[in-house]
Amino acid sequence: MTELSRRALAEAIGTYFLVVVGTGAVAADAASGGSLGALGVAIAFGAVIAAMIYAVGHVSGAHFNPAVTLGLWSVGRFPTGSIPTYVLAQCLGAIAGSLTVAAIFGGQVLGTTTPAIGLTDAFLVEVVLSFALLFVIIAVATDHRVVGGTAGLAVGLVVTFGSLMGGSSTGASMNPARSLGPAVVAGEWAAHWLYWAAPIVGMLVAARAYEFVRQAGVPEAPRG
């Protein structure tokens, strides 16, 4: 097995558990009459992302998201030749995750992402949340000035607050693979394009924004 294959397997496993735990929490919440609530679901998404980053971040970079891969590539922080392998692994991991959730919950596929608001507003929500996610990822993953060991916690917190802010309006996907898995298994494709286009746009802009901000030095303490 090549090094790229090993990294791709890590991406597939991480994305698999993102979908199993995150959308599984949505299904569990529905099955229990809302015992988890929006906060519980958001914590599930954030916690599994944090755990998987600590598990395989040192192996694959822990993208778990085609838009993250493209965002990092756009500023020269990911090799062009590895993009298809990573994106395929992420998508297959997400689909396998949704098949697992459907098996656990008796064929029910919950956690599909469809806008509950107008398409323009939904696009904006996903762009803004995706920007925040990649802005934090590229900081903690590529800037040596960031305190070590914080990546999982920082990214997990972004996913959590993103889920709380956008969950009721768009599903707060921020991730084409996370939306693809439930869509494939449930056959629900309403406005699916949005969950590819908006995260990619938001993350491409965020990557450029952080590369610009990165050039700033640490401000000197005022002299008294």
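These numbers were taken from a predicted model, which means no experiment stands behind them.

**Q** Could you clarify how one ought to interpret helix 5 (residues 119–142) in this entry?
**A** Since one α-helical turn is 3.6 residues long, residues separated by three or four positions face the same way. Compared with the 34 Å implied by 1.5 Å per residue over 24 residues, the 33 Å span of helix 5 between its first and last C-alpha is a close match. Buried residues of helix 5: Ala 122, Val 125, Glu 126, Val 127, Leu 129, Ser 130, Leu 133, Leu 134, Ile 137, Ile 138 and Ala 139, and no others. Its buried side turned inward, helix 5 meets helix 3 (66–74), helix 6 (151–166) and helix 8 (194–214).

**Q** Mind showing me how you'd approach the pattern of salt bridges here?
**A** One side chain can pair with another of opposite charge once the charged atoms of both are near each other. Summed over the entire model, instances satisfying the criterion amount to 5 salt bridges. In this structure, Arg 145 and Asp 143 form a salt bridge, with 2.8 Å as the shortest nitrogen-oxygen distance. For Asp 143, a relative accessible area of 6% corresponds to the buried category. Each of Arg 77, Asp 143, Arg 145, Glu 211 and Arg 214 takes part in salt bridges that share partners, so that together they form one network.

**Q** Explain helix 6 to me, please; I cannot follow it from the model alone.
**A** Along its 16 residues, helix 6 runs 22 Å from first to last C-alpha, staying within 8% of the 22 Å computed at 1.5 Å per residue. For helix 6, the secondary structure elements touched by its buried residues are helix 2 (37–60) and helix 5.

**Q** What is the right way to look at the side chain of Asp 143 in this model?
**A** Secondary-structure assignment places Asp 143 in the loop between helix 5 and helix 6. Setting aside residues no more than four positions away along its own chain, Asp 143 makes contact with Ile 138, Tyr 210 and Arg 214.

Each value, and the rule that gives it
- Residues numbered from 1 in each chain as written.
- Predicted model: local features only at pLDDT ≥ 70, side-chain atom pairs only at ≥ 80, totals over all residues.
- Heavy atoms only, no water.
- Helix = DSSP H or I, 4+ residues; strand = E, 2+ residues; numbered from the N terminus.
- Expected span 1.5 Å × (residues − 1).
- Buried < 20%, exposed > 50% of the residue type's maximum accessible area, 1.4 Å probe, protein only.
- Contact = heavy atoms within 4.5 Å.
- Salt bridge = Lys/Arg side-chain N within 4 Å of Asp/Glu carboxyl O.

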